[in-house]
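Per-entry structural report
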Amino acid sequence: MRQRVTVLGATGSIGVNTLSVLARHPDRYEVFALSGQTRIDKLAEQCRQHRPRFAVVGNDEDRKRLASLLTREGGATEVLAGADALALVAAHPDVHSVMAAIVGAAGLQPTLAAVRAGKRVLLANKEALVMAGEIFMAAVRDSGAILLPIDSEHNAVFQSLPAGFAGDFERAGVRRILLTASGGPFRTASAEKLARVTPDEACAHPNWVMGRKISVDSATMMNKGLEVIEAHWLFAAAADRIKVVIHPQSVIHSMVEYIDGSVLAQLGNPDMRTPIAHALAYPERIDAGVASLDLFQVAQLTFEEPDLRRFPCLGLAYRALRAGGSAAAVLNAANEVAVAAFLAGQLPFLGIADVIAAALDKVPQGAVEDLAAVVDADARGRRAALEALPRP
Ligand code: NAD
Ligand code: MG
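Since this is a predicted model, take the numbers as computed values, not measurements.

1. What about the coordination of the magnesium ion (ligand 2)?
Bound to the magnesium ion (ligand 2) are the protein donor atoms Asp151 (OD), Glu153 (OE) and Glu227 (OE), situated 2.1 to 2.2 Å from the metal. The motif formed by the donor residues of the magnesium ion (ligand 2), counted along the single chain, is D-x1-E-x73-E. Within this pair, whereas Glu153 is found in helix H7 (residues 152-160), its partner Glu227 is found in helix H12 (residues 222-235), the two being separated by 74 residues in sequence. According to the relative accessible area criterion, Glu153 is buried, its value standing at 8%.

2. Quick look at a nonpolar patch on the surface
Nonpolar side chains collect at one region of the surface, where Leu267, Leu295, Leu301 and Phe303 lie side by side and expose about 350 Å² of accessible area between them. Note on placement: Leu295 falls in helix H14 (residues 295-298).

3. Considering the domain arrangement of the protein chain
Segmentation of the protein chain into domains returns domain 1 (3-149), domain 2 (155-270 + 292-309) and domain 3 (324-392). A separation of 27 Å is found between the C-alpha centroids of domain 1 and domain 3. With 12 residues of domain 1 in contact, the opposing surface of domain 3 contributes 11 residues. Of the roughly 870 Å² buried at the junction of domain 1 and domain 3 (both faces included), carbon and sulfur atoms supply 69%. When residues of domain 1 are sorted by the area they lose upon contact with domain 3, Val130, Met131 and Ile135 head the list and together hold 52% of the total. Between domain 1 and domain 3 we count 0 salt bridges in total.

4. A word on the packing of aromatic side chains
On inspection of all chains with the given rule, the structure shows 5 aromatic pairs. Within the aromatic cluster, the residues linked to one another by ring pairs are Phe186, Phe342 and Phe349.

5. Considering the pattern of salt bridges
Scanning all chains against the criterion turns up 30 salt bridges. Ionic pairing is found between Arg212 and Asp200, a salt bridge with its closest N-O pair at 3.4 Å. Of this pair, Arg212 sits in helix H11 (residues 212-220) while Asp200 sits in helix H10 (residues 199-203), and the two are 12 residues apart along the sequence.

6. Quick notes on the site of ligand 1
Looking at ligand 1, there are 22 residues lining it, with Thr11, Gln37, Thr38, Glu127 and Gly211 nearest. A distance of 2.9 Å is found between an oxygen atom of ligand 1 and a backbone nitrogen or oxygen belonging to Ser13. One of the backbone N or O atoms of Gly211 is found 2.9 Å from an oxygen atom in ligand 1. Listed by contribution, the elements that provide at least two residues to the shell around ligand 1 are helix H1 (13-23) and helix H6 (126-143).

7. Let's talk about the sheet that holds strand E11 (residues 263-267)
With mixed pairing, 4 strands are arranged side by side in an open sheet as E9-E8-E10-E11. Taken across any chain shown, the strands that pair with only one partner, and hence form the sheet edges, are strand E9 (242-246) and E11. In this sheet, adjacent strand axes meet at a mean angle of 20° when their direction is disregarded. Alignment of strand E8 (residues 174-181) against E9, held across 5 bridges, turns out to be parallel. Of the residues in E9, the one forming a bridge with Thr180 is Val245.

8. Considering the side chain of His247
Structurally, His247 is set in the loop between E9 and strand E10 (252-258). For His247, a relative accessible area of 0% translates into the label buried. Engagement of the side chain of His247 in a polar contact is seen with the backbone oxygen of Thr302, the distance being 3.0 Å. Those residues in contact with His247 that lie beyond four places of it in its chain are Thr180, Ala181, Ser182, Ile252, Leu301, Thr302 and Phe303.

9. A word on the environment of Pro206
Locating Pro206 in the fold gives a position in the loop between H10 and H11. As a C-alpha pair, Pro206 and Ala238 span 32 residues in sequence and 30 Å in three-dimensional space. Not counting the four nearest positions on each side in its chain, Pro206 is found in contact with Gly184 and Pro185.

10. Some points on H11
Residues separated by three or four positions in an α-helix point in the same direction, a consequence of the helix having 3.6 residues per turn. Where burial is concerned, most of H11 is hidden: 7 out of the 9 residues are buried. Of all the positions in H11, only Lys213, Ser215, Val216, Asp217, Ser218, Ala219 and Thr220 are classed as buried. Packed against the buried residues of H11 are H6, H10, H12, helix H15 (312-323), helix H16 (327-343) and helix H17 (351-362). With its phi angle positive at about 70°, Met221 sits one or two positions after the end of H11.

Rules behind the numbers
- Residues numbered from 1 in each chain as written.
- Chains lettered and ligands numbered in written order.
- Predicted model: local features only at pLDDT ≥ 70, side-chain atom pairs only at ≥ 80, totals over all residues.
- Heavy atoms only, no water.
- Donors = N, O, S within 2.8 Å, 3.2 Å for Na, K, Ca; no water.
- Helix = DSSP H or I, 4+ residues; strand = E, 2+ residues; numbered from the N terminus.
- Buried < 20%, exposed > 50% of the residue type's maximum accessible area, 1.4 Å probe, protein only.
- Patch = residues over 30% accessible without salt bridge, like charges linked within 9 Å, V, L, I, M, F, W, Y side chains within 5 Å.
- Areas by Shrake-Rupley, 256 points an atom, 1.4 Å probe, with all protein chains shown as cover.
- Salt bridge = Lys/Arg side-chain N within 4 Å of Asp/Glu carboxyl O.
- Domains from an automatic or database assignment.
- Contact = heavy atoms within 4.5 Å.
- Buried area = accessible area lost by both parts, 1.4 Å probe.
- Phe/Tyr/Trp six-rings, centres within 6.5 Å; stacked < 30°, edge-to-face > 60°.
- Near = heavy atom within 4 Å.
- Polar contact = N/O pair within 3.5 Å; in protein donor to acceptor, adjacent residues only side chain to side chain.
- Pairing = 2+ DSSP bridges.
- Axes fitted to C-alpha atoms, helices over the stretch in contact; angles between N-to-C directions.

Shown next as structure tokens:
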């Protein structure tokens, strides 16, 4: 039987790559639902090609627009709108797998709905795990959901860990997780240069083509910080067991070091279709359309220590991870506000870290017993960050 797949955030960079892998394997997969908040024309085109049972948009106006775009073709797709509809297509009994590729905190509720319904969840939306890791992982245990990482680093770690690894480092003989980072577009930039960078410069990543929010996160290295927290939850790894290694070529996607001195790595071209195909087919393998890695072309793999002085966001993420409780939700919320302000030209690049630090200093951080506590920490983090923005 074909696997029915929901793609949340279908119109984004991960969503488009997911549909490209799915389209190569019509014998294995069937698209059940697509969602998109932006680029409704793109979503219409995707619906025409994949003929999902449902399409979900953000509001009623877009719902009407998409429905009218589709009825002209004699639409097979029912168009819905809003948060409840996202949760519905994520948790629907007919769905096997859910690609969680909405960007930011907006992805938390539908992704959690898929987890609670015991789906096979392909997790790109790292912010959901950063905000609510404890609740998220408890829901995975309770529902029996299968959580497969799409983030290239975590997918590489997953592939390099022993099969069935459940967080017992001692028993598995695992010493450390080595998360690689390209260093982003400003890896070698001076502090003076960093003070003047523009949104377009920050979004021009040397190795990956991604949405604008994660591109800015890569430029500040907050992306790696969020990924450290993501690794903590996915692999039950204490902060001290996760080491960030700058590797500008982005060929080694991450590594696992064992107590006997072995270091296992996963390598490949920087192309998200590889982790997407891996997670879709796991434990089998399918063609992803990715070219063979040409090692002679790559020629050299190099490594550097991260520079926490020029990239304080990475240190802030470790601080939030060590603080525990709601600190990571505050960090994530403040980062979303700061990045949006930077992209809108309201905050200089170096101000992003200042705004996040101010929010972490200001918002009291406590335990997160339930989703309401996470939502509250998120709201407080956003408020504190907005207050810390420069006055226009
Ligand atoms: P993107 O901006 O290209 O796409 C985001 C998608 O989410 C779009 O479909 C958009 O319409 C939808 N969306 C945005 N705001 C929404 C909202 N409020 N409600 C519902 N839907 C909304 O982003 P992306 O680069 O595809 O990244 C998606 C997620 O995957 C992020 O969490 C990112 O950190 C993660 N990720 C991306 C990459 C990559 O290579 N692009 C790699 C690793 C992890
Ligand atoms: Mg990544």
